[in-house]
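What follows is each chain in one-letter form.
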Amino acid sequence: MPDKKIPELSEVMTIAREYFANQKGYQSGDLLTNNRVKPLFRELQQAGWKVKAEKNILKRMHSASDFLAAQLSTPKGIRFMRKIAKMPGGYDRLDHLLKMPYGKRRIKEFIDSPGGYTMIEYMTTTKGGKNLGKYLSQTKTGKGFNQPTGMIYTETEFLQVLKETYQLETAKQKRQK
């Protein structure tokens, strides 16, 4: 059976956007898990593109069973998640908090508290929050607190990585021809 022709980038992006649009209960900005996007890679493969970097991409995402993903999938967690998703680096701050002493407890408190998201808002949008992050970066478990983690959290981030991966992988194929 001959290989299918690799689809154009625009088709790949359309397949991905439609995939997310058809996810029950999902909203753009929600935390993506590797479990949620694995089926998309099968769809892309059926369309003609086997993503060589799939494993590396999936490693940069939380699993549905991870603490953070599990907490953000509860009713209170979903409300909290949808508020912090709008904040620059909101998910990064949660990941950094996780690594700190009592981090899991703090995240649960933020989720359970009606205004818990305001602490993440403070950390991500104010000068005082940035200073707090600098202070926390000096601790053993808080290194780089204000910095991105390199994880893929959202559809927007995922689509950007997918686009970059497509361009890298198809450029290699064009050079080999």
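Below you will find a few notes about this structure. These figures come from a predicted structure and were not determined experimentally.

Reading the values: rules and limits
Residues numbered from 1 in each chain as written. Predicted model: local features only at pLDDT ≥ 70, side-chain atom pairs only at ≥ 80, totals over all residues. Heavy atoms only, no water. Axes fitted to C-alpha atoms, helices over the stretch in contact; angles between N-to-C directions. Helix = DSSP H or I, 4+ residues; strand = E, 2+ residues; numbered from the N terminus. Left-handed = near helix turned anticlockwise from the far one by under 90°. Contact = heavy atoms within 4.5 Å. Nonpolar A, V, L, I, M, F, W, Y, C, P; charged D, E, K, R; others polar. Buried < 20%, exposed > 50% of the residue type's maximum accessible area, 1.4 Å probe, protein only. Arc of directions from axis to C-beta. Core = buried A, V, L, I, M, F, W, Y, C linked by side-chain atoms within 4.5 Å. Phe/Tyr/Trp six-rings, centres within 6.5 Å; stacked < 30°, edge-to-face > 60°. Lys NZ or Arg CZ within 6 Å of the ring centre and 35° of its normal. Polar contact = N/O pair within 3.5 Å; in protein donor to acceptor, adjacent residues only side chain to side chain.

### Some words on the packing of helix α1 (residues 9-21) against helix α2 (residues 34-47)
Running from N to C, α1 and α2 point in directions that differ by 145°, and their axes come no closer than 10 Å. Judged by the sense of rotation from one axis to the other, the crossing of α1 with α2 is right-handed. Contact with α1, carried on its side by Glu11, Val12, Ile15, Ala16, Tyr19 and Phe20, involves Arg36, Val37, Pro39, Leu40, Glu43, Leu44 and Ala47 of α2 and no other residues of that element. Split by residue class, the contact of α1 with α2 holds 10 nonpolar, no polar and 3 charged.

### Topic: helix α9 (residues 127-137)
Every buried residue belonging to α9 is among Gly129, Gly133 and Leu136, and all of these are buried. Axial view of α9: buried residues confined to an arc of 65°, hence all on one face. For α9, the exposed residues set more than 90 degrees away from the buried face come down to Lys127, Lys134 and Tyr135. Summarising the contacts, the buried residues of α9 are in contact with α8 (117-125).

### Examining the environment of Ile15
Tracing the backbone shows Ile15 in helix α1. Ile15 gets classed as buried once you look at its relative accessible area, which sits at 16%. Note: C-alpha distance between Ile15 and Val161 (146 residues apart in sequence) is 15 Å. Not counting residues within four places of it along the chain, the set of residues in contact with Ile15 comprises Leu40, Glu43, Leu44 and Ala47.

### Some remarks on the nonpolar core
Phe20, Ile57 and Phe158 are the most contacted members of the largest nonpolar core, which has 26 residues in total. Residue assignment for this core shows that the elements contributing at least two residues are α1, α2, α3 (54-59) and α10 (155-176). Broken down by element, this core gets its largest block of residues, 7 residues, from α1. Among residues more than four places away in sequence, those in contact with Phe20 are Tyr26, Leu32, Val37, Leu40, Glu155, Phe158 and Leu159. Phe67, Ile84, Met100 and Tyr153 belong to the second largest nonpolar core, which has 21 residues in total.

### Here we look at the packing of aromatic side chains
Going through the model one piece at a time under the given rule, you end up with 6 aromatic pairs. With a centroid separation of 5.5 Å and an interplanar angle of 75°, the aromatic rings of Tyr19 and Phe20 are classed as edge-to-face. On the basis of relative accessibility, which here comes to 7%, the residue Tyr19 falls in the buried class. Owing to a relative accessible area of 1%, Phe20 belongs among the buried residues under this scheme. Centre to centre, the rings of Phe41 and Phe158 are 6.0 Å apart; their planes meet at 80°, and the pair counts as edge-to-face. Residue Phe41 is found in helix α2, and its partner Phe158 is found in helix α10; the two are separated by 117 residues along the sequence. Each member of the pair, Phe41 as well as Phe158, carries the same accessibility label: buried. Here Lys83 stacks its cationic end above the ring of Tyr117, 5.1 Å away from the centre of that ring.

### Topic: the side chain of Thr170
Positionally, Thr170 belongs in helix α10. Accessibility expressed as a relative area gives 10% for Thr170, which makes it buried. Within the structure, Thr170 has its side chain in polar contact with the backbone oxygen of Tyr166 (distance 2.7 Å). Polar side-chain contacts of Thr170 include one of 3.5 Å to the backbone oxygen of Gln167.

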